[in-house]
Each structure stands twice: as C-alpha cells, then as structure tokens.
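The lines below spell out each chain.
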Amino acid sequence: MVGQARRWVAALVLGGLVLATGWGLWAIRPVLAPFLLAIGIAYIIAPLVNGLARRGMSRGWAIVTVYAMLAASLALVVVKVLPQVVEETRRLAEAIPAYSLMAREWVDSLQQRVREMGVHPGIRDVLNRLITDVEIGSVRALEQLLDVSTLRRAAGLLASLLLAPFLAFYLLKDMERFKERFVRSLPGRYRQELLALLRGLDRVLSGFVRGQILLALAVGLLASIATWLLGLRYTVLLGIWAGSTEFIPYIGPVLGAMPAVLAGLSVSPLTGLETTLAFLFIQQIENAILSPKIMGDSVGLHPLVVLFVVLAGGYVAGPWGLVLALPLTGLARVVWCFIVARLTEAPAGAATPAPALRPERHAPAPKK
C-alpha cells in the first residue's frame, strides 16, 4: 500500500509539473518564437550537417558549410526574386480597385443570368447571397494581405528569422551531446522501446516536413514558369502562392491554382482554359513523379483518412488546422500503434503453450 501511494503521489507531482510547465510556456509564447524557429531550422538541416560530419569534417565546420550554402541561396533569392516580389505586390495593390470593379461587373452579370434562368425566388436569393459573400470575402482577404498590420507581422517574423540561425547553430553543434543526455535520462527498463517510438515519430515528421518543403519549392517553380509562359502578370506571386498551398494535402493544389486561373480569365476565356490545363499538368507531374520520390509513404495514412483529417482540422483550427492536421495525425498513429503493440504483446516470461501431443507410433511387432 505504501508503494502504491508513493506512485500516486509521484504521478500527481509529475502531472502538476507538466501542467505548470505548459502554462509557463504559454504565458511567454511570444518569447519562444525564435527558439521554436531555431529548433525547426536545426531539425531540417541536421541531415546535411550529419552527412558532412560523417565524412570527417568537424561538426562546427559542417554547420558553417551548410550555413554558407543556405546564405548563398538566400542571397540569390534576395537579389533575383525579392525585387520582383516587391514590384508585383506594388502593382497588385494599385490594381485592386480595377479588379474589384471587374469582379463587381462579373457578379452582376452572373446574378442577371440567375434571374433570367427562372430559378425559384428562394434559391435565387441564396445564390445571390453566396455570390456576394464570395466577392466580399475575396476582396477583404486581398486587402488584408496588403494591410499594414500584415506587413508589421512579417517584420516581426523577419526579426525572429535573424535570431533563429544563431540559436540553431548551438543546437546543431551540441546535438549529439543533447541526444546522449536524453538517452541516459530514459528509464533503462523502457529505453529501447522509447527509442523505437521516437525513431518512428522522427520518420513521420521528417518525411512530412522535409518532403513538403522540397515539394512546395518544386511546385512553386513550375507554377511560376507556367504562368510566365502563358504571359500572365504576377508570376512570382502566383508561384509563391501555389508553393505555399502545397502544405495542405488534396485541397492545396486547388487553392494554389485558383488565383492563376482567375488571372487567366481576366485576360480571356482561352487563357483561363490554358492556365487550368497547365496546372492540371503540374498536378499530374506532382502525383506521378514528385510525390512518390520526395514524400513516399512517410505519414502512412489512407487518402480518405487524409482528406477527413484535413477538412476537420480546417473546421476546428482554420488555416493552421489545414496545415498541421496531417502531421499530427501521422504522429498520433505512430503513438497509437506503439501503445497497441505494447498492450497486446505477451508478457515477458509467460509460459508458451506446449505443442499438442501426437499419438505414439509403435513399431510393428516382429513376425514370427
């Protein structure tokens, strides 16, 4: 009884510490942004650093080498892409009134067609309200995208980006030491099982995060090239948008193609059709070549389950739910399989059932 009471007290104390730690982290969450970003950076580039370290390079120089490659890539983006993004954003902000007028005329024309079709008044009112809501929501989202508060949040994120690489350097430099201390802190009795669980979680998370980043870069580049070949405006912004929506499974490609298709329709119906076909072709390349090579079966979920959890995540948590629903479900699946395997496996030292006895075959009696 005394031992059981001690275990209950220890469980209560541990639970209280976990709750207090969670509350403390939530209270100081603005301060944690650069640290969380540093952990993400370290997690993403750790394979490159480990690969260089295995080739005989010291860990510090391996980190510096990877940072130099990333800095060169970032400098290329800043020099070649950032001015184009700024210019396209300025032109888009100036064109918002014209696009709003064009959308208003298109909505009026669509509502006129609905009235001429002789639809029931109740259904007609619902359609008109839906069309108006879509118009208002689209204009509002575009205005918020170019709002001062959005630019202020982007500036805050940039400040975190400047601090995060320095924090990530120390995380990467002492990562092996952190791993050793963490492994030693695990209970010896369950150490191997917990390490197997962590390896499964890392396989799902790393496969999703690193794979999605490569997939987003590839799709964004293909989208920019396609819209440039079609002669559309805002090709860089359209490519950035198409790549960003790749983090949303199944729904993302549709959301990524919509602005480009609308931009094509603003030129001519034929250009809109060509844009739609171009994005369908990009989607086929992604499904047939890019996704199998980059993503594989890292999450291990059926497509119906993926679609369900993405829609449920979007309903519960909005845009963040759309992005985080799939990796969180993949991690939960690994934990669930681990728990089920441990609950259903035979306890150590359990007696195994003896094989069924077969009737003895007596040798035939010698002939007299």
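Our structure's up above, just so we're on the same page.
Cut-offs applied
- Residues numbered from 1 in each chain as written.
- Predicted model: local features only at pLDDT ≥ 70, side-chain atom pairs only at ≥ 80, totals over all residues.
- Heavy atoms only, no water.
- Helix = DSSP H or I, 4+ residues; strand = E, 2+ residues; numbered from the N terminus.
- Buried < 20%, exposed > 50% of the residue type's maximum accessible area, 1.4 Å probe, protein only.
- Polar contact = N/O pair within 3.5 Å; in protein donor to acceptor, adjacent residues only side chain to side chain.
- Axes fitted to C-alpha atoms, helices over the stretch in contact; angles between N-to-C directions.
- Parallel < 35°, antiparallel > 145°, perpendicular 65-115°, else oblique.
- Left-handed = near helix turned anticlockwise from the far one by under 90°.
- Contact = heavy atoms within 4.5 Å.
- Nonpolar A, V, L, I, M, F, W, Y, C, P; charged D, E, K, R; others polar.
- 1 Å grid on protein atoms, 1.4 Å probe; cavity = no way out; pocket = protein on both sides within 12 Å on 5 of 7 lines; lining within 4 Å.
- Points joined across faces, edges and corners; volume = space filled by probe spheres on them.

Enquirer: Lay out the side chain of Thr-275 with the relevant residues and their values.
Expert: Turning to its location among the elements, Thr-275 is positioned in helix H11 (residues 269–294). Overall, Thr-275 belongs to the buried group, its relative accessible area being 0%. Within the structure, the side chain of Thr-275 is placed 2.7 Å from the backbone oxygen of Thr-271, a separation counted as a polar contact.

Enquirer: Residues and numbers for the packing of helix H9 (residues 235–244) against helix H10 (residues 251–267), please.
Expert: Close contact between H9 and H10 brings their axes to 7 Å; oriented N to C, the two are set at 165°. Taken together, the axes of H9 and H10 are roughly antiparallel relative to one another. Taken as a pair, H9 and H10 cross one another with a handedness that is right-handed. Facing H9, whose interface residues are Leu-238, Trp-241 and Ala-242, H10 presents Leu-255, Gly-256, Pro-259 and Ala-260. Considering only residue class, the contact of H9 with H10 consists of six nonpolar, one polar and no charged.

Enquirer: Now, about the layout of surface pockets: what can you tell me, with residues and values included?
Expert: Computed from the structure, the second largest pocket encloses a volume of approximately 790 Å³. Along the wall of the second largest pocket there are 19 residues; nearest its centre are Tyr-43, Met-175, Lys-179, Leu-198 and Asp-202. Where the lining of the second largest pocket is concerned, the elements lending two or more residues are helix H2 (29–54), helix H7 (175–185) and helix H8 (191–229). Counting residues per element, the lining of the second largest pocket draws most heavily on H8, which supplies seven residues. In terms of residue class, the lining of the second largest pocket is built from 14 nonpolar, one polar and four charged.

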